[in-house]
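An overview of the molecular structure
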Amino acid sequence: MSIVTNPKEKPATVVGAAATYVDDRLASASFTKRLLDKVFPDHWSFMLGEIALYSFIILLLSGVYLTLWFNPSMTEVIYNGSYMPLKGVKMSEAFNSTLHISFDVRGGLLIRQIHHWAALFFVAAVSVHLLRVFFTGAFRKPREINWVIGTGLLVLAILEGFAGYSLPDDLLSGTGLRIAEGIMQAVPLVGTYVAMFVFGGEFPGNDFMPRLYAVHILLIPGILLGLVTVHLIMVFYQKHTQFAGPGRTESNVVGYRLYPVYMAKAGGFFFVVFGITALIAGLVSINPIWLYGPYTPAQVSAGSQPDWYIGWLDGAVRLTPNWETTALGHTISWNLLIPALIVPGIMFTLLGLYPWIEAWITGDKREHHILDRPRNAATRTSLGVMALSFYGILWISGGNDIIATQFNLAINTITWTFRALIFIVPPIAFVITKRICLGLQRRDQDKLLHGYETGQILRLPHGEFIEIHAPISDEEKAVLLSKQDIAPLALAPSADASGVRNPKGLTGKIRGRLSNWYFADNVAVPSDEELRAAAEHAEHQLHAAAEQGAISGH
Amino acid sequence: MNEIETTSNEPYGSAEGKDLVSGRPVFPLKHHEPRRADIDPKAAKRAERQVSAMFAASSALLMAFVVAYVKVPSDSLVQIPGLGTVGTSQVLLGLCFGLGILLIGLGAIHWAKKLMTDVEVTQERHALTSTQEERDEVAAIVKRGAAESGFGQHKLIRRTLLGALALFPVPLVVLLRDLGPMPGTRLRSTIWTKNIHIVTDATYQKIKASDIPVGGLVNAVPANLLEIEEADGNINARGKASIILVRMDPSEIVSQQGDGWDYQGIVAYSKICTHVGCPISLYQQRTHHLLCPCHQSTFDLADSGNVVFGPAARRMPQLAITVDSEGFLVAQGDFEEPVGPSFWERG
């Protein structure tokens, strides 16, 4: 084989020369072309993932700064820094160095607070981004794999946040670690071994902080960075989903090119997120560990609250009744296993598997690039709201002591109320959401068939009053007609005509039932005939109105 | 990649047309409406000035950051309404840096929105599935490789390889063994032993029974805690041996975990919650209830430390106490049951 070089022009500019140099070695021109010309659709909700990404970058940047001064050692020292109230107090080197960053490194507190605020925003942005993807059905084929990666990112983000929160070895975070250790001990069979190995002996020991530090600054961020990269490459390769609208189809993307519009918008948005985080970090105190004091296993302050993303777990632990079984010389602490391991395990498993569960129920195996309007997927939306209400009640329960003191209520009453509400509210939330969705579907159908209400009232010759409806715009039609109706799966017969039992009879039946339940009460999009008939009728009405002179000029 | 592009000037499909994939009706892209800055050079000039003003202000703020860093002492405080007393340096640095970079972002976005094109572009998606031929080729390559290596043919190689690979993680797991000690019985005992003095938590003073009034509460630890160096687990020992002493009228004591475990109405209970290990100290004198601030487990100290509410499943372990010849409180021995949260081997 011989290498053929076709004659090329000599670049005129420095940028051109540099690009030529790289291209001569990597043939990067075709990729660069695709990259720069890449079209992204525009919608405010697509910025949620961006906020998550930018918060992550801010965390990496500010985290590197903190490592320059932070020392994760449990060696006991006497504080001698410039924060007077703690002078002479015994504390770990971890706590001491965190105070040093906060009071004796110029701008150190700003970086620390940027890091903490960015962590709070990161988990929040990941969560809300997940909700956006869920409620618009963006997780459907072909994006199921990216959904699972996203679920993994959420779990890792929560763990990473908790690890970082625990590092300063203050009274509040130490209490959180004590709880985490208690939960480890509750694991059947291996619990005590896990706890002893993780902590290098009994709690708190001297080994754990340096280990947690390695996990927090290397292990989890490394995995996060890898998964975020894969997540983005998949978004890039599969192209972004888009909302329905004029010109939008399943086989195209309508929006603006990466270069220059999105480079300016997305690049600018990074600075906006960073700027707002820095402003909040400069003005609003977060995690003032000097007020909590150094950790000691014999103290805890009343009203202890974890960071917001741990609240639901703490709430679940607070709500679970005191179930424990002892048999054959062994103890199973259901009061910890259920809220801290079993329930979160089920929640995250269902979350990760949801794309396949829904596709199995609906039988919809097609590719989707046009997003669902949440109302049009009424059952999915209701399931989502139901799950959210479950999460919300757990989260509020995490503050049951705060509610008790703020509203002067008995803690027992509040706890029992939430124990009841955790079972009562989610089904109610499901039903109400479903009804709202169906109502909105009906309104959309009405708009398509009868147009919108103009507010003009017309009296007909025989005395009847009618309101004139005008047809909706093409833009709105494109949105409303984007709803797709799928027929529910048929119930599989349990036996065929000659009486042979269907081997898939039971699963088929369950699947058919679920499918019928999923699509129940769906308000179908009007057919072409119905739309035509409605258009003719409207024409008629307008005609009648014009004759009356009510809307002359139309 | 088969990315064909059309601009909005050439509408995609028509109102009568249907999306070939989904069957949805396709409407033409909205006609592009020019913005003020597109047609009015004055408006364009104004937008240009706004964007560059933001970038210039950003530069000024970032320089101000450096000045504030050098000039403002880190211990100076300032009163700001709504924020209270805050560090001057912290607030100034935050404002300069935050606003400085925020303006870079706002400038760039303003530039994109006012001056860069807002004509929507349509790009075709490419197929996210391979053709049957491509799949067949891959399958053929995999089969060819299997045949060339003889993986299917040499059973002995295959089995020994799988065996070796299965054992590969074993050393990696074994290496973790020295992360910590075996649990043994270390969760079952504390450093309390017979005749160890009960001393106050903070100042390590011996306690006389008469020092505690009825209704009083004292946080206490064993005197031998002081003999343990920090490196040898002083904090670990404290995490298990901390107790609270509560004095009540002897007639108020409904029950105890052992006969004569109190001393004249002074009872000693573990301070470590049996739920998940938080130290408890919210004591209500009137009801003799002890409430854990972490998960609100409530124990009745007048009634053997039994659970009256919350997620804890076990009573608080009681420490039997008495006094020495000089009248100082001492322990009768260690706890008779493990303190702190439950574990599998606890029984």
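Residues numbered from 1 in each chain as written. Chains lettered and ligands numbered in written order. Predicted model: local features only at pLDDT ≥ 70, side-chain atom pairs only at ≥ 80, totals over all residues.

1. With respect to the overall build of chain A
Regarding its fold elements, chain A presents 19 helices and eight strands. Based on the C-alpha atoms only, the size of chain A along its principal axes is roughly 95 × 80 × 60 Å. Burial statistics for chain A: of 554 residues in total, 40% are counted as buried. (Helix = DSSP H or I, 4+ residues; strand = E, 2+ residues; numbered from the N terminus. Buried ≥ 20, exposed ≤ 12 C-beta atoms within 10 Å, placed from the backbone.)

2. Considerations on the overall build of chain B
Along chain B, the regular secondary structure elements total seven helices and 15 strands. Here the C-alpha atoms of chain B give a radius of gyration of 38 Å, more than 25% beyond the 20 Å that 2.2 N^0.38 yields for 347 residues. Counting only residues that meet the buried cut, chain B has 34% of its 347 residues in that class. Contacts in chain B between residues at least 24 apart in sequence constitute 56% of all its contacts with a sequence separation of at least 6. (Rg over C-alpha atoms; globule rule 2.2 N^0.38 Å. Contact = placed C-beta atoms within 7 Å.)

3. Topic: unusual backbone geometry
Across the chain, the bulk of peptide bonds are trans and the bulk of non-glycine residues have phi less than zero. Residues and elements named next belong to chain A. The step from lysine 141 to proline 142 runs through a cis peptide bond, and the omega angle for that step is 10°. Its place among the elements puts proline 142 in the loop between helix H5 (108–135) and helix H6 (144–166). Residues tyrosine 259 and proline 260 are joined by a peptide bond in cis, for which omega reads 10°. A positive phi angle, near 50°, is found at alanine 27, a position not held by glycine. Positionally, alanine 27 belongs in the loop between helix H1 (14–26) and helix H2 (29–37).

4. Re the interface of chain B and chain A
Where interface size is quoted, it is often the accessible area lost as the parts come together. Listed by partner, the interface residues are 88 residues for chain B and 98 residues for chain A. For the side of chain B that touches chain A, the elements supplying multiple residues, two or more each, are helix H3 (88–114), strand E4 (121–124), helix H7 (234–241) and strand E12 (306–309) of chain B. Of the residues contributing to the side of chain B that touches chain A, the split by class is 50 nonpolar, 24 polar and 14 charged. When strand E4 (residues 252–257) of chain A meets E4 of chain B, the two strands line up antiparallel, connected through four bridges. The residue bridging glycine 255 of chain A from the neighbouring strand is valine 121 of chain B, located in E4 of chain B. (Nonpolar A, V, L, I, M, F, W, Y, C, P; charged D, E, K, R; others polar. Pairing = 2+ DSSP bridges.)

5. Focus: the domain arrangement of chain B
What the domain assignment reports for chain B is domain 1 (36–123) and domain 2 (198–331). Look at where the C-alpha atoms of domain 1 of chain B and domain 2 of chain B centre, and you get two points 58 Å apart. (Domains from an automatic or database assignment.)

6. Some thoughts on the sheet that holds strand E5 (residues 198–200) of chain B
With antiparallel pairing, the five strands of this open sheet are ordered in space as E5-E6-E7-E8-E13 (chain B). Two strands lie at the open edges of the sheet, namely E5 and strand E13 (318–319) of chain B, each paired on one side alone.

7. Comments concerning the packing of H6 of chain A against helix H9 (residues 208–238) of chain A
The description of two helices packed together rests on the angle between their axes and the distance between the axes. All names here are of chain A. In contact at an axis separation of 9 Å, H6 and H9 are set at 155° when each is read in the N-to-C sense. Taken together, the axes of H6 and H9 lie roughly antiparallel to each other. In the packing of H6 onto H9, the handedness of the crossing is left-handed. (Axes fitted to C-alpha atoms, helices over the stretch in contact; angles between N-to-C directions. Parallel < 35°, antiparallel > 145°, perpendicular 65-115°, else oblique. Left-handed = near helix turned anticlockwise from the far one by under 90°.)

8. Notes on helix H13 (residues 334–362) of chain A
A turn of α-helix holds 3.6 residues, and therefore any two residues three or four places apart point the same way. Residue and element names in this part refer to chain A. If you check H13, its first and last C-alpha atoms are just 36 Å apart, much less than what 29 residues at 1.5 Å a residue would give, namely 42 Å. Of all the bends in H13, the greatest, near 60°, is centred on tyrosine 354, and the proline proline 355 appears no more than four residues after it. Considered for burial, the residues of H13 that qualify are Asn335, Leu336, Leu337, Pro339, Ala340, Tyr354, Pro355, Ile361 and Thr362. Where H13 is buried, its residues contact H6, helix H7 (171–185), helix H12 (311–319), strand E6 (330–332) and helix H18 (505–519). A positive backbone phi angle near 75° is found at glycine 363, which sits one or two residues after H13. (Expected span 1.5 Å × (residues − 1). Bend = angle between axes of the 7 residues up to and from the residue.)

9. Describing the domain arrangement of chain A
Under the domain assignment, chain A is made up of domain 1 (1–37) and domain 2 (44–242 + 254–303). Each of domain 1 of chain A and domain 2 of chain A was reduced to a C-alpha centroid, and the two centroids are 41 Å apart.

10. Side note on the nonpolar core
Among the nonpolar cores identified, the biggest contains 164 residues, and Phe122 of chain A together with Ile198, Leu245, Leu319 and Ile321 of chain B are the most heavily contacted of them. Element by element, the count of residues in this core is highest for H5 of chain A, at 16 residues. Once residues within four sequence positions are removed from consideration, isoleucine 321 of chain B is found in contact with Ile198, Trp261, Tyr263, Ile266, Ala268, Leu329, Val330, Ala331 and Gln332 of chain B. (Core = buried A, V, L, I, M, F, W, Y, C linked by C-beta atoms within 7 Å.)

11. Points about the environment of phenylalanine 309 of chain B
Inspection of the secondary structure assignment puts phenylalanine 309 of chain B in strand E12. For phenylalanine 309 of chain B, a count of 18 C-beta atoms within 10 Å gives the class partly exposed. Once the C-alpha coordinates of phenylalanine 309 of chain B and threonine 298 of chain B are considered, the two residues, 11 residues apart in sequence, prove to be 5.0 Å apart. If near-sequence neighbours (up to four positions away) are discounted, phenylalanine 309 of chain B is found in contact with Asn412 of chain A together with Thr298 of chain B.

12. A look at the sheet that holds strand E10 (residues 289–291) of chain B
Residues and elements named next belong to chain B. Judged by pairing direction, the sheet is antiparallel, and its four strands sit side by side in the order E9-E10-E11-E12 without closing on themselves. Edge positions in the open sheet fall to strand E9 (282–284) and E12, since each of these has one partner strand only. Strand-to-strand, the axes of this sheet are offset by a mean angle of 30°, without reference to chain direction. One ladder, built from three bridges, connects E10 with strand E11 (residues 298–300); its direction is antiparallel. Paired with leucine 290 across the bridge in E11 is phenylalanine 299.

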